[in-house]
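Residue strings, one per chain:
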Amino acid sequence: DGMSKTLSVFASQNPYPWYQKFLLGPVMDKAAIFGYAVQWAEVGVAVIMVGAIVVSFCGASSRLLAYTRGLVILALLVGMVMNAGFFLAAGWLSPSTHAVNLIMFWIQGVLLYTHSAILIDRIKT
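Report follows, based on the coordinates.

Criteria and thresholds
Residues numbered from 1 in each chain as written. Predicted model: local features only at pLDDT ≥ 70, side-chain atom pairs only at ≥ 80, totals over all residues. Heavy atoms only, no water. Helix = DSSP H or I, 4+ residues; strand = E, 2+ residues; numbered from the N terminus. Buried < 20%, exposed > 50% of the residue type's maximum accessible area, 1.4 Å probe, protein only. Core = buried A, V, L, I, M, F, W, Y, C linked by side-chain atoms within 4.5 Å. Contact = heavy atoms within 4.5 Å. 1 Å grid on protein atoms, 1.4 Å probe; cavity = no way out; pocket = protein on both sides within 12 Å on 5 of 7 lines; lining within 4 Å. Points joined across faces, edges and corners; volume = space filled by probe spheres on them. Nonpolar A, V, L, I, M, F, W, Y, C, P; charged D, E, K, R; others polar.

## So, the environment of Tyr36
Inference 1: Take Tyr36: it is sitting in helix α3 (residues 31-57).
Inference 2: Using a relative accessible area of 54% as the deciding quantity, one classes Tyr36 as exposed.
Inference 3: On a C-alpha basis, the gap between Tyr36 and Met3 in space is 9.6 Å, while along the polypeptide they are 33 residues apart.

Printed below as a string of structure tokens:
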């Protein structure tokens, strides 16, 4: 029930008409599923990131580190999509929401670039 109300608030005066239609259309039709998907994506990203920190400090093999780096890249992509979505949905509500999501998006972008470059370099060698 709460997800439909939240989506209605996000769409009420959203400055992006195409995103407003997206929120009121396919997302609103499956609001509960969308809410659970976002919730589990957040949990998944957090578990992968914490797991990657643990693996990197445990002196794991280079092969395990490469797999872990691949999972981190996936988690960063999912995080960027979620930050972009929340920015488009709720960035207009307050300057802090606007700024925080942009900052997190770009930090994740830099980390994505860094991890991708390292992974590609290790694959080449």
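Let us keep going from here.
## Topic: the nonpolar core
Inference 1: Within the largest apolar cluster, eleven residues are counted, these being Leu7, Phe10, Ala11, Tyr19, Leu23, Val27, Ala31, Phe87, Leu88, Ala89 and Ala90.
Inference 2: Those elements that provide at least two residues to this core are α1 (2-12), α2 (17-29) and α4 (62-90).
Inference 3: Not counting residues within four places of it along the chain, the set of residues in contact with Phe87 comprises Tyr16, His98, Asn101 and Leu102.
Inference 4: In this structure, Ala52, Ile73, Met80 and Leu119 belong to the second largest nonpolar core, which totals seven residues.

## Remarks on the layout of surface pockets
Inference 1: There is about 420 Å³ of room inside the largest pocket.
Inference 2: The wall of the largest pocket is formed by 20 residues, among which Val38, Glu42, Met82, Gly85 and Phe86 lie closest to the centre.
Inference 3: Residue assignment for the lining of the largest pocket shows that the elements contributing at least two residues are α1, α2, α3, α4 and α5 (95-124).
Inference 4: When residues in the lining of the largest pocket are grouped by element, the largest group, seven residues, is from α4.
Inference 5: Considered class by class, the residues forming the lining of the largest pocket number 13 nonpolar, six polar and one charged.

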